[in-house]
Amino acid sequence: MKLLIINPGGTSTKIAVYDDENELFKTSIDHTAEELKPYPHVFDEFEYRKNLILKTVTDAGFDIQDFGCIAGRGGLCRPVEGGTYAVNNRMIEDFRNAVCGEHASNLGAVIAKSIGDEIGVPSFIVDPVAVDEMMDKARITGLAELERPAWFHALNHKAVARSIAREMGKNYEDCNFIVAHLGSGISICAHKKGRMVDGSGGRTNGPFSPERCGSLPTYPLVQLCYSGKYTESEMVEKISKFAGIYDFLGTKDSREVEKRIEAGDEKAKLVYDAFIYSTAKEICSYVPAFDEPIDRIIITGGIAHSKYVTSEIERMTKAIAPVSVVAGEYEMIALALGALRVMRGEEPAKEYK
């Protein structure tokens, strides 16, 4: 069965075609700021992106009518359990109204359903960023007005966890993992028997990343917010786009940082080592989430390509569990596999409520 996979991002739309698990075609359509300028809101880009997808797929030699289902990246929907969800009208309306925020990924489900309905096949999203399986005690903070959020790279987290479980001859639902996704944003989660029961994301907590701040000391942060130096919007942008490694070194590219270290840049080494140390420390902090041995620590994401990073993290965490490195991101195949599990009857499609 052929599947069309759609993954909209802020400045690109990734497309893939699979025949069952076999990738037949993959590309990324870049969108310039000038091209997106006529669309003040993400949902306004719907027709523009959909038409580009259809043209690209057709130009690549595929007949739209041949697809057995369409899978799109899940966006900022209401909190849900992990799994594969049939796209329904309630989901579309939530994305249309941006009830949990605007992001290009909101269009994944919308475009998938539109194309699927036109050719009479089902449409799905898989493990959206809104996956929330946290145990209640992990949500509590030191202020009753604030709760720890669940905003993780759930799609890639669960994809690599399932992959490692298969390598071990087990089901994901029978394993205990700590998964660290290392990219421009970082999320580290405790996966207990198939559920992400605790975790952190680099915009609110956890280690700092190439561009995000992670956890910050509370009192100094409050003082900075009220210093008059930044407006609220400037502060939000600072901690989410221009913090972390960038704030110290002026670059978000970990490869450039490692080149500086090789050239003898002591500041670059100190900041990079601090990033690695804080990541390892965060991984170790999730040991209390488990009441059984941890099967594996899994390091994934773009920065996992770095031997410098992964070897240091392994050195600092190997006392907890063996370490597996699954470098890169596996969002496209994860979307395909999630849809295939439903189409093959291996698991039911969940309903978005």
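What counts, and where the lines are drawn
Residues numbered from 1 in each chain as written. Predicted model: local features only at pLDDT ≥ 70, side-chain atom pairs only at ≥ 80, totals over all residues. Heavy atoms only, no water. Core = buried A, V, L, I, M, F, W, Y, C linked by side-chain atoms within 4.5 Å. Buried < 20%, exposed > 50% of the residue type's maximum accessible area, 1.4 Å probe, protein only. Helix = DSSP H or I, 4+ residues; strand = E, 2+ residues; numbered from the N terminus. Contact = heavy atoms within 4.5 Å. Pairing = 2+ DSSP bridges. Axes fitted to C-alpha atoms, helices over the stretch in contact; angles between N-to-C directions. 1 Å grid on protein atoms, 1.4 Å probe; cavity = no way out; pocket = protein on both sides within 12 Å on 5 of 7 lines; lining within 4 Å. Points joined across faces, edges and corners; volume = space filled by probe spheres on them. Nonpolar A, V, L, I, M, F, W, Y, C, P; charged D, E, K, R; others polar. Polar contact = N/O pair within 3.5 Å; in protein donor to acceptor, adjacent residues only side chain to side chain. Salt bridge = Lys/Arg side-chain N within 4 Å of Asp/Glu carboxyl O. Phe/Tyr/Trp six-rings, centres within 6.5 Å; stacked < 30°, edge-to-face > 60°. Lys NZ or Arg CZ within 6 Å of the ring centre and 35° of its normal.

Draft legend 1. Just the nonpolar core, in detail. Of all hydrophobic cores here, the largest spans 33 residues; its most connected members are Leu4, Ile53, Val57, Phe67, Ile70, Met91 and Ile115. Residue assignment for this core shows that the elements contributing at least two residues are strand E1 (2–8), strand E2 (12–19), strand E3 (22–30), helix H2 (46–59), strand E4 (67–73), helix H3 (89–96) and helix H4 (106–119). The dominant element in this core, judged by the number of residues it contributes, is H4, at seven residues. Every residue in contact with Phe67, bar those within four places of it in the chain, is listed here: Lys2, Leu3, Leu4, Val17, Val57, Phe62, Ile119 and Val121. Core analysis: the next-biggest nonpolar cluster, separate from the first, contains 31 residues, Leu249, Tyr272, Ile294 and Ile303 among them.

Draft legend 2. Summary view of the sheet that holds strand E8 (residues 186–192). Here we have five strands laid out as an open sheet, ordered E9-E8-E7-E10-E11, and mixed in their pairing. The outermost strands of the open sheet, each flanked by one partner alone, are strand E9 (195–201) and strand E11 (323–327). Neighbouring strand axes in the sheet, compared pairwise and without regard to direction, differ in orientation by 20° on average. Note: strand E7 (residues 176–182) against strand E10 (residues 296–301), five bridges, orientation parallel. In the strand pairing of E10, Ile178 is matched with Ile297. The sheet contacts of helix H10 (residues 266–284) involve E7, E8, E9 and E10, and relative to E8 the element is tilted by about 20°.

Draft legend 3. A look at the environment of Gln65. The topology assignment puts Gln65 in the loop between H2 and E4. Considering only alpha carbons, one finds Gln65 and Ile115, 50 residues apart in sequence, at a separation of 9.8 Å.

Draft legend 4. Region of the structure containing the layout of surface pockets. The volume enclosed by the second largest pocket comes to roughly 910 Å³. What lines the second largest pocket is a set of 26 residues, and nearest its centre among them are Leu146, Thr204, Leu216, Thr218 and Leu221. Breaking the lining of the second largest pocket down by element, the ones donating at least two residues are helix H6 (218–225) and helix H7 (232–241). A breakdown of the residues in the lining of the second largest pocket according to their chemical character gives 14 nonpolar, eight polar and four charged.

Draft legend 5. Molecular detail of the side chain of Asn205. Position of Asn205 among the secondary structure elements: in the loop between E9 and H6. Of note is the side chain of Asn205, whose polar atom sits 3.1 Å from the side chain of Thr204. With near-sequence residues (within four places) excluded, Asn205 lies in contact with Arg148, Gly199, Ser200, Gly214 and Ser215.

Draft legend 6. Here's a closer look at the pattern of salt bridges. Inspection of every chain in the model, using the stated rule, returns 28 salt bridges. Between Arg96 and Glu93 there is a salt bridge, with the nearest N and O atoms lying 3.0 Å from each other. In this pair, Arg96 and Glu93 are both assigned in helix H3, three residues apart and thus about one turn of the helix distant. Taking the relative accessible area as the measure of exposure, Arg96 reaches 43% and is therefore partly exposed. Classification of Glu93 as partly exposed rests on a relative accessible area of 35%. Here Asp273 ties to Lys269 by a salt bridge, and the two come within 2.6 Å at their closest N and O atoms. Of this pair, Asp273 and Lys269 are both found in helix H10, four residues apart, which corresponds to roughly one turn of the helix. With a relative accessible area of 25%, Asp273 lands in the partly exposed category.

Draft legend 7. Spatial organisation of the pairing of E11. Counting buried residues along E11, four of its five residues qualify, which places the element largely inside the surrounding structure. As judged from the five bridges shared by E10 and E11, these two strands associate in the parallel manner. Residue pairing in the sheet places Gly301 in a bridge with Ala327 of E11.

Draft legend 8. Spatial organisation of the side chain of His191. For His191, the location among the structural elements is in strand E8. A distance of 3.0 Å separates the side chain of His191 from the side chain of His157, its partner in a polar contact. Polar side-chain contacts of His191 include one of 2.8 Å to the side chain of Tyr172. In contact with His191, other than residues within four places in its own chain, are His157, Lys158, Ala161, Tyr172, Cys175, Asn176, Phe177, Val179, Met196 and Phe290.

Draft legend 9. Here's a closer look at H4. The buried fraction of H4 amounts to twelve of the 14 residues, a majority that puts the element mostly inside the structure. Among the residues making up H4, those that are buried are Asn106, Leu107, Gly108, Ala109, Val110, Ile111, Ala112, Lys113, Ser114, Ile115, Gly116 and Ile119. Contacts from the buried residues of H4 go to E1, H2, E4, H3 and strand E6 (123–126). Taken from the residues just after H4, Gly120 is the one with a positive phi, measuring 75°.

Draft legend 10. Molecular detail of the packing of aromatic side chains. This structure, assessed with the given rule, holds seven aromatic pairs. Centre to centre, the rings of Phe43 and Phe46 are 6.4 Å apart; their planes meet at 20°, and the pair counts as stacked. The exposure class assigned to Phe46 is buried, which follows from its relative accessible area of 15%. Centre to centre, the rings of Tyr272 and Tyr308 are 5.8 Å apart; their planes meet at 20°, and the pair counts as stacked. Of this pair, Tyr272 sits in helix H10 while Tyr308 sits in helix H11 (residues 307–317), placing them 36 residues apart in sequence. It is Lys252 that lies over the ring of Tyr246; its NZ or CZ is 5.4 Å from the centre.

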